[in-house]
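Given next are the chains, with one letter for each unit.
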Amino acid sequence: MPSLTLKPAHEHPIPFLADLMTRGFEGYLVPINITDTVLLTMMRRDGIDLTASRILMRDDEPVGLAMIARRGWTSRLAAMGITSNARSGGVGTWAMEQLIAEAKARGDKEMLLEVIEQNTAGVKLYEKVGFKKIRRLVGYKLENPQVESDVEIEEIDIRELARAVTYHGMQDLPWQLSGATVMQHTPPSRAFKINDAYCLISNPEVLDVAIQSVLVKARSRGAGLSAVLMRSLFAKFPNKIWHVSPIYPEEMGFIFEHVGMERESLSQWQMSRAL
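These lines cover the structure that appears in this document, whether it is placed above or below. Not measured: the values here are computed from a predicted model.

Turning our eyes to something else, we now look at empty space enclosed by the protein. One pass over the structure, following the stated rule, counts one cavity of 30 Å³ or more. Space inside the largest cavity adds up to approximately 50 Å³. Taken together, Leu 6, Arg 54, Leu 56, Gly 64, Leu 65, Ala 66, Met 80, Gly 81, Ile 82, Ala 95 and Leu 99 make up the full set of residues lining the largest cavity. Residue assignment for the lining of the largest cavity shows that the elements contributing at least two residues are β2 (54-58), β3 (61-71), β4 (74-82) and α3 (91-105).

Below, the structure written as structure tokens:
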């Protein structure tokens, strides 16, 4: 019977962790290649704590990695990957039970995660250890929109957008859309506004551009401002493929449908477990 243990991730260098995470997601529903830079950016934006993150060992072999993000009394399983040779025999369940126990022991009140809805084995695993579905998260895509706009948009500091999301956004936004996460974005990402509408996009100088945050203050909702702003961005940065990762609550989907974006086939569950 193999012996399973967890070891602190901070005891290993970043290249080792990036490689282990890439191997842990081999054969996943979406291709994942974690470079050192990708991992470091993820850690900064998402609040990942390497002292709370764990390497899963089977005997003396590293076979998995669980990245734990922390803010206040809340932990988030930012990523968990197990190498293909160890994805059986209850390894994932055992690891999650240990991670939950550790979160309780350090005084956390809640643990969050997101899991691809079509990853039925993953969804079953998290439900088995007590996670409940909060809402479905969806993504969108639009290739090379042909848009003309003479609306003047203002470029702003990303910090200004982050403060607006914190004060005016939904209180239970998914972790990656929260003001705390948005605050950690830096150029070449860029933020823009029109009146009470705000939008954060990834580097617009490359072909594929991600819409990373959209906000309209409550007093101006229903007036179509988000559509005006996004169309202005499509016109300002033409010939792009625009992406919306599946981290947006399904009830926000109309924002993207109003500008002609098409919903992607993959979606996620936002899940929570009280501790």
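In terms of burial, strand β8 (residues 190-194) is a largely internal element, four of the five residues being buried. Bridging between strand β7 (residues 154-156) and β8 involves three bridges; their strand directions are antiparallel. Its bridge partner being in β8, Glu 154 is matched across the sheet by Lys 193. Sheet analysis places β8 next to strand β9 (residues 197-201), joined by five bridges and oriented antiparallel. Residue pairing for β9: Ile 194 is matched across the bridge by Ala 197.

Position of Ala 162 relative to the elements: it lies in helix α5 (residues 158-168). Apart from the residues within four sequence positions on either side, Ala 162 is in contact with Gly 179, Val 182 and Met 183.

Our focus in this paragraph is unusual backbone geometry. Cis geometry marks the peptide bond from Pro 187 to Pro 188, where omega comes out at 20°. Residue placement: Pro 188 occurs in the loop between α6 (179-182) and β8. For Asn 144, which is not a glycine, the phi torsion comes out positive at approximately 50°. Within the fold, Asn 144 resides in the loop between β6 (132-143) and β7. For Asn 144, a relative accessible area of 34% puts it in the partly exposed group.

By the secondary structure assignment, Thr 181 is in helix α6. Taking the relative accessible area as the measure of exposure, Thr 181 reaches 2% and is therefore buried. One polar contact links the side chain of Thr 181 to the main-chain carbonyl oxygen of Trp 175, over a distance of 2.6 Å. Other than its neighbours up to four places away in sequence, Thr 181 contacts Arg 45, Asp 46, Arg 71, Trp 175 and Gln 176.

This part is about the packing of aromatic side chains. Applying the stated criterion across every chain yields a total of six aromatic pairs. Ring centres of Tyr 126 and Phe 131 lie 6.1 Å apart, and the angle between their planes is 75°; on these two criteria the pair is classed as edge-to-face. Judged by its relative accessible area of 2%, Phe 131 is buried. Geometrically, the ring pair formed by Tyr 248 and Phe 256 is edge-to-face, given 4.9 Å between the ring centres and 80° between the ring planes. Note on accessibility: Tyr 248 and Phe 256 belong to one class, buried. The ring of Trp 73 carries Lys 109 above its face, with NZ or CZ at 5.1 Å from the centroid.

Membership of the largest hydrophobic core comes to 42 residues, with the highest contact counts inside it found for Ile 201, Ile 211, Leu 233, Trp 242, Tyr 248, Phe 256 and Met 261. Sorting elements by how many residues they give to this core places helix α7 (residues 225-236) first, with six residues. Leave out the neighbours within four places in its chain, and Phe 256 touches Tyr 140, Ile 211, Val 214, Met 230, Val 244, Tyr 248 and Met 261. One finds Ile 82, Leu 113, Leu 125 and Tyr 126 within the second-largest nonpolar core, a separate group that totals 25 residues.

Next up on the list: the packing of helix α1 (residues 14-24) against helix α2 (residues 36-46). At a closest axis distance of 9 Å, the pairing of α1 and α2 adopts a crossing angle of 95°. In terms of orientation, α1 and α2 fall into the roughly perpendicular class. Each of Ile 14, Pro 15, Leu 17, Ala 18 and Met 21 in α1 lies in contact with α2, whose residues at this interface are Asp 36, Leu 39, Leu 40, Met 42 and Met 43.

Procedures and definitions
- Residue numbers run consecutively from 1 along every chain, following the written order of its sequence.
- The predicted nature of this model means local features are confined to residues of pLDDT at least 70 and side-chain atom pairs, given and counted, to a pLDDT of 80 or more, with totals for whole chains, interfaces and linings taken over all residues.
- Excluding hydrogens and water, the side-chain values take into account all heavy atoms of the structure.
- Detection works on a 1 Å grid of protein atoms alone, calling trapped sets that fit a 1.4 Å probe cavities and calling open sets with protein on both sides within 12 Å along at least five of seven lines pockets, with lining residues defined by an atom within 4 Å of a point.
- Grid points are joined across faces, edges and corners, and a volume is the space filled by probe spheres set on the points.
- In DSSP terms, a helix is any run of H or I states spanning at least four residues, a strand is any run of E spanning at least two, and both are numbered starting from the N terminus.
- Buried, partly exposed and exposed residues are distinguished by accessible area as a fraction of the type maximum, computed with a 1.4 Å probe on protein chains only: under 20%, between the cut-offs, and over 50%, respectively.
- In this analysis, strands are considered paired if DSSP registers two or more bridges between them.
- In what follows, residue pairs with any heavy atoms lying within 4.5 Å of each other are defined as contacts.
- Polar contact is defined as a pair of N or O atoms within 3.5 Å, subject to the rule that within protein one atom must be able to donate a hydrogen and the other to accept it, and that residues adjacent in sequence are counted only when both atoms are side-chain atoms.
- Pairing of aromatic rings covers Phe, Tyr and Trp, the last counted by its six-membered ring, and requires centre-to-centre distances within 6.5 Å; plane angles under 30 degrees mean stacked, over 60 mean edge-to-face, and any other angle means tilted.
- Charges are assigned to positions over rings by a cutoff of 6 Å between ring centre and Lys NZ or Arg CZ, combined with an angular limit of 35 degrees from the ring normal.
- Buried Ala, Val, Leu, Ile, Met, Phe, Trp, Tyr and Cys residues form a nonpolar core when they are joined through side-chain atoms within 4.5 Å.
- Every angle, taken between N-to-C directions, lies between 0 and 180 degrees, and every axis is a line fitted to C-alpha atoms, over only the stretch in contact when it is a helix.
- Small angles under 35 degrees read as roughly parallel and large ones over 145 as roughly antiparallel, with 65 to 115 read as roughly perpendicular and the rest as oblique.

From the geometry alone we can't say anything about function, so treat these as descriptive.
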